[in-house]
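The residues making up each chain are set out below.
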Amino acid sequence: MDARADRRGRIGKPQLAHAQYSYPAGQAPRKWIMDPTLACGGPVADVGVHCIDALRYVLGADVVSVSTVAQRDEMSGRVEAIASLQMEMTGGVYANVTASARALYRTVIEVTGSEGVLIAENGLTVDRPVQLMRRRAGELQEAITVENGDGYTRMLDGFALAFAVKGVFLRPVVDAISNMRVLDAAYASWKSGRRESV
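Residues numbered from 1 in each chain as written. Predicted model: local features only at pLDDT ≥ 70, side-chain atom pairs only at ≥ 80, totals over all residues. Heavy atoms only, no water.

Here we look at the nonpolar core
If you look at the biggest cluster of nonpolar residues, it comprises 44 residues, and the most contacted ones within it are Leu55, Leu59, Leu85, Met87 and Met89. In terms of residue count, the dominant contributor to this core is helix α1 (residues 43-59) (10 residues). Beyond its immediate sequence surroundings of up to four residues, Leu55 is in contact with Ala17, His18, Ala19, Gly60, Met87, Met89, Ala95, Asn96, Val97 and Ile109. (Core = buried A, V, L, I, M, F, W, Y, C linked by side-chain atoms within 4.5 Å. Buried < 20%, exposed > 50% of the residue type's maximum accessible area, 1.4 Å probe, protein only. Helix = DSSP H or I, 4+ residues; strand = E, 2+ residues; numbered from the N terminus. Contact = heavy atoms within 4.5 Å.)

Rendered as structure tokens:
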């Protein structure tokens, strides 16, 4: 099963997408993540950016505009604790990114097309196997499990190889810049209360 927006067309034209990353920040050793002088923000900047990047990659689309709702709590201080981003993407896809620093650990990526749905449970982790499912009208059509325990190793090996032989890294720097522009728009939307263009 090719997870990149099901290039064989088995889910039809992508229309909706969702990526979620939740983790209990109170139990994490990285206390600096809630310090706005050290961190760009809370879970949107910490892990939500990985959701944005994954959706851009899987859909082969860019974010056009974003609308953000978020909340702080006593533990988060000036950064958000929970947030939801609604994104308009090129190709007519509407996507949601949800990020929480208060829920139990979970990552998922889901793409709904005109003919079916692709779901990657644990899609953004190296701690657990990724469960890929393709559904049509609620019925399971295909399911596979992919081991991703060496994901960081493969990423660093690819970087080292590109650096050592002056090759091309699989993800160009413009991807990081595009992701940061989405983050800037997301935080601007939270502040302004309006949809912001990227």
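There is more to say after this.
What to know about the packing of aromatic side chains
Taken as a whole, this structure holds three aromatic pairs when the rule is applied. When the centroid spacing of 6.5 Å and the interplanar angle of 90° are considered together, the rings of Tyr21 and Tyr23 count as edge-to-face. With a relative accessible area of 12%, Tyr21 lands in the buried category. For the pair Tyr187 and Trp190, a centre-to-centre distance of 6.4 Å together with 50° between the ring planes defines the contact as tilted. (Phe/Tyr/Trp six-rings, centres within 6.5 Å; stacked < 30°, edge-to-face > 60°.)

Details of the layout of surface pockets
Here the idea is plain: a probe the size of a water molecule rolls over the atoms and shows the empty space left. Taken as a whole, the largest pocket encloses approximately 1,800 Å³ of empty space. Looking at the largest pocket, it is lined by 43 residues, and the ones nearest its centre are Asp53, Ala54, Gly123, Leu124 and Arg171. Counting only elements with at least two residues in the lining of the largest pocket, the list comes to α1, β5 (106-113), β6 (117-121), β7 (130-136), α2 (151-164) and α3 (173-192). In the lining of the largest pocket, the residues fall into 27 nonpolar, seven polar and nine charged. (1 Å grid on protein atoms, 1.4 Å probe; cavity = no way out; pocket = protein on both sides within 12 Å on 5 of 7 lines; lining within 4 Å. Points joined across faces, edges and corners; volume = space filled by probe spheres on them. Nonpolar A, V, L, I, M, F, W, Y, C, P; charged D, E, K, R; others polar.)

Side note on the sheet that holds β7
Pairing is mixed in the open sheet, where nine strands are placed in the order β8-β7-β6-β5-β1-β4-β3-β2-β9. Looking at which strands have only one partner, the edges of the open sheet turn out to be β8 (139-146) and β9 (196-197). Relative to strand β4 (residues 93-100), strand β3 (residues 82-89) runs antiparallel, the two being bridged by eight bridges. Residue pairing in the sheet places Ile82 in a bridge with Ser100 of β4. In the packing of α1 onto the sheet, contacts are made with β1 (14-22), β2 (63-71), β3, β4 and β5, and the angle to β4 comes to roughly 155°. Along the sheet face, α3 touches β2, β3 and β9 and points at about 50° away from the line of β2. (Pairing = 2+ DSSP bridges. Axes fitted to C-alpha atoms, helices over the stretch in contact; angles between N-to-C directions.)

Digging into α1
With 17 residues, α1 should reach 24 Å at 1.5 Å per residue; the first-to-last C-alpha distance of 22 Å fits that figure. Val49 marks the point of greatest bend in α1, at about 35°. Looking one or two residues past α1, Gly60 carries a phi angle of roughly 60°, positive in sign. (Expected span 1.5 Å × (residues − 1). Bend = angle between axes of the 7 residues up to and from the residue.)

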